[in-house]
Amino acid sequence: MPTNYDDIADQYKEAKYQLWRTHIERYTILNLVGDIANQTVVDLACGEGFYSRMLKRLGAVDVLGLDLSQGMIDLAKAEESREPLGIDFQVGDAREFQASEPFDFVFAAYLLNYASNFDELTEMCHAIFQSLKPGGRFLTVNNNPCDPVANFSIGKTYEYSKRLEGDLVEGAPIIWTFILPEGPLSITNYYISKERLEQALQEVGMRDIRWHPPQVSPEGQAEFGEAHWQPFLQSPPVAFIECFKA
Ligand SMILES: C[S@@+](CC[C@H](N)C(=O)[O-])C[C@H]1O[C@@H](n2cnc3c(N)ncnc32)[C@H](O)[C@@H]1O
């Protein structure tokens, strides 16, 4: 059963502020995004707009945030009303997304890991490819398919857990649980191997696929020390991927 974010939108918003997400996820994405001044951007599976807002603040000229969940988009729009940045938020399925004008940059945090089979993954990748201008860039973070199941227990240190349901085959559910002050929040991703992810991206026409290691912010290093982050860096639970439309 795919996670319905309508019911957990507020809790998921809280989960964005876990320490690993600030000091690793957000910091690594910030570095990988680089200079996007004056670029047009779509944030697919934007959730409540955490990264859409970051991308706009980084100088993107136009940002569109798209998400399947009305609840998530309601939160994104509420934040946009509270502090207008000029971001357009829409409800929609990334697999069917058709850009009216192609974008310079497509961003998607935790979209591809919602594909429960290769066809769904290909639909997502095809929509991404079609949404990009020639030479455009796609950046994404997802569950790391190379994270060994034996390593899932390291999450305790960082207030999450990962659990595989059944065997590690294509489409197998991987359940992430975030330990939050109000209680645990679980969401379900699906396993697709690194090779199949690359195959889907290549088949739709994406080129120059780069897998980037996570980075820890200087503040995170100073506050918690290198040893604290070592297990995460040794076998990262999430993977950052960048590729380009030729
Ligand atoms: C883990 S949340 C990430 C939200 C946001 N990118 C972030 O990092 O804060 C995953 C999001 O993907 C959305 N989602 C899942 N499948 C989708 C699809 N096919 N099209 C658009 N959004 C989708 C969910 O509704 C949810 O908001």
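Provided above is the structure to which this section pertains.
Note that the coordinates shown come from a computational prediction; the quantities given were computed from them, not determined experimentally. Think of each chain on its own: its residues are numbered from 1, step by step along the sequence as written. Local features in a predicted model are, by the rule used here, given only for residues with pLDDT of at least 70; side-chain atom pairs are given and counted only at 80 or more, and totals for whole chains, interfaces and linings are based on all residues. The basis for every side-chain value is the complete set of heavy atoms in the structure, and neither hydrogens nor water enter the calculation.

Asker: Just give me the short version of the sheet that holds strand β3 (residues 88-91), but keep the residues and values in it.
Answerer: We call two strands paired when DSSP finds no fewer than two bridges between them. Here a helix means four or more residues in a row that DSSP labels H or I, a strand means two or more in a row labelled E, and each is numbered from the N terminus. The sheet built from seven strands is open, its strands ordered β3-β2-β1-β4-β5-β10-β9 with mixed pairing. Strands with a single pairing partner mark the edges of an open sheet, and in this sheet they are β3 and β9 (206-212). Strand-to-strand twist across the sheet, computed as the mean angle between neighbouring axes with direction ignored, equals 15 degrees. Any pair of residues with heavy atoms lying within 4.5 Å of one another is described as a contacting pair. Lines fitted to C-alpha atoms define the axes, with helix axes restricted to the stretch in contact, and inter-axis angles between N-to-C directions lie between 0 and 180 degrees. Where helix α4 (residues 70-82) meets the sheet, its contacts fall on β2 (62-67) and β3, and the angle it forms with β3 comes to roughly 165 degrees. Against the sheet, helix α5 (residues 118-131) engages β1 (40-44), β4 (103-109), β5 (132-143), β9 and β10 (238-245), with an angle of about 145 degrees to β5.

Asker: Could you give an account of the layout of surface pockets, with specific residues and numbers?
Answerer: A probe as big as a water molecule, rolled over the atoms, marks out the empty space that is left. A 1.4 Å probe that fits into a set of points on a 1 Å grid over the protein atoms alone but cannot get out defines a cavity; an open set with protein on both sides within 12 Å along at least five of seven lines defines a pocket, and lining residues are those with an atom within 4 Å of a point. Grid points are joined across faces, edges and corners, and a volume is the space filled by probe spheres set on the points. The space that makes up the largest pocket amounts to roughly 710 Å³. As for the largest pocket, its lining consists of 38 residues, and the residues nearest its centre are Y5, A45, D67, Y110 and Y114. Counting residues per element, the ones that place at least two in the lining of the largest pocket are α2 (19-33), α3 (50-57), β2, α5, β7 (173-180) and β8 (183-190). For the lining of the largest pocket, the element with the highest residue contribution is β8, accounting for three residues. Classification convention: Asp, Glu, Lys, Arg as charged; Ala, Val, Leu, Ile, Met, Phe, Trp, Tyr, Cys, Pro as nonpolar; all other residues, Gly among them, as polar. A per-class count over the lining of the largest pocket returns 22 nonpolar, seven polar and nine charged.

Asker: Got a sec to walk through the side chain of K56? Specific residues and values, please.
Answerer: Of note, K56 is situated in helix α3. Under the scheme applied here, a residue whose accessible area is under 20% of the maximum for its type counts as buried, over 50% as exposed, and between as partly exposed, the area being computed with a 1.4 Å probe on protein chains only. Here Asp and Glu are counted as negative and Lys and Arg as positive; His is not counted, and neither are the chain ends. When a carboxyl oxygen of Asp or Glu is within 4 Å of a side-chain nitrogen of Lys or Arg, the pair counts as a salt bridge. The side chain of K56 is buried and forms no salt bridge, while D62, the nearest opposite charge, is found at 6.4 Å. A distance of 3.5 Å separates a polar side-chain atom of K56 from the backbone oxygen of L85. Excluding residues that lie within four positions of it along the chain, K56 makes contacts with V61, V63, L85, G86 and I87. In the analysis that follows, any N or O atom pair within 3.5 Å is treated as a polar contact, provided that within protein one partner can donate a hydrogen and the other can accept it, and provided that, for residues neighboring in sequence, both atoms belong to side chains.

Asker: Kindly report on the pairing of β2, identifying the contributing residues and their values.
Answerer: For β2, a buried count of five out of six residues is recorded, marking the element as mostly surrounded by other parts of the structure. Pairing of β1 with β2, which is carried by five bridges, proceeds in the parallel orientation. Directly across from D43, in β2, lies its bridge partner G65. Consider the strands pointing away from the viewer: the crossover is right-handed when the path from the first strand over the helix to the second runs clockwise. Each parallel crossover has a hand, and the one from β1 via α3 to β2 is right-handed. In this fold, β2 hands off to α4, which returns the chain to β3; that crossover is right-handed.

Asker: Describe the site of the ligand, naming the residues involved and giving the relevant values.
Answerer: A single heavy atom is enough: if one lies within 4 Å of a molecule or strand, its residue is considered near that molecule or strand. Every one of the 18 residues lining the ligand counts as a neighbour, but K16, A45, D67, A94 and A109 are closest to it. A94 is positioned such that a nitrogen or oxygen atom in its backbone is 2.8 Å from a nitrogen atom of the ligand. Between the ligand and A109, the relevant distance is 2.9 Å, taken from a nitrogen atom to a main-chain nitrogen or oxygen of the residue.

Fair warning: the whole summary comes from geometry, so function is off the table for now.
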